[in-house]
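Observations on the model geometry
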Amino acid sequence: QNYLDNFWPDLKAAHELFDSIAQARRERESESQENHGREYPEHLPVEILEAGIKSGRYLQGTLNVNKHRAQLEAFVRLQGFGSKDTG
């Protein structure tokens, strides 16, 4: 903001762009605070997930994504299972 004010005070488009970006950032920070710092909202409450894992309804695992082909290659390694039981 200071840079624009000091060096480009008459460049209206740049000031509008800065204001737009600042507003979007404020909204994102507000949403983050509402979600307790999480970037994405939870799909299910933690209590339900924990109960589902204990009952066997849900499985817990680790998502592994190929960093070179992230949109094409990924797999889940289930906890408590050998490498042959991944899918």
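Per an unreviewed UniProt entry, the protein chain goes by the name DI3L1 exonuclease and belongs to Oxylabes madagascariensis.

**Here we look at the overall build of the protein chain**
Along the protein chain, the regular secondary structure elements total 3 helices and 2 strands. Along the chain direction, N to C, the helices and strands of the protein chain fall in the order α-α-α-β-β. Looking at the 87 residues of the protein chain, the share that counts as buried comes to 6%. Sequence separation of at least 24 residues holds for 0% of the intrachain contacts in the protein chain that already meet a minimum separation of 6. When the accessible surface of the protein chain is split by element, carbon and sulfur atoms take 53% of a total near 8,100 Å².

**Observations regarding a nonpolar patch on the surface**
A contiguous nonpolar surface patch, about 480 Å² in accessible area, is contributed by Tyr3, Phe7, Trp8 and Leu11. Looking at where Leu11 falls in the secondary structure, it is placed in the loop between α1 (2-7) and α2 (12-34).

**Focus on the side chain of His15**
Relative to the assigned elements, His15 resides in helix α2. With residues up to four places along the chain from it excluded, the contact list for His15 reads Gln1, Leu4, Asp5, Trp8 and Pro9.

What counts and how
Residues numbered from 1 in each chain as written. Predicted model: local features only at pLDDT ≥ 70, side-chain atom pairs only at ≥ 80, totals over all residues. Heavy atoms only, no water. Helix = DSSP H or I, 4+ residues; strand = E, 2+ residues; numbered from the N terminus. Buried < 20%, exposed > 50% of the residue type's maximum accessible area, 1.4 Å probe, protein only. Contact = heavy atoms within 4.5 Å. Areas by Shrake-Rupley, 256 points an atom, 1.4 Å probe, with all protein chains shown as cover. Patch = residues over 30% accessible without salt bridge, like charges linked within 9 Å, V, L, I, M, F, W, Y side chains within 5 Å. Salt bridge = Lys/Arg side-chain N within 4 Å of Asp/Glu carboxyl O.

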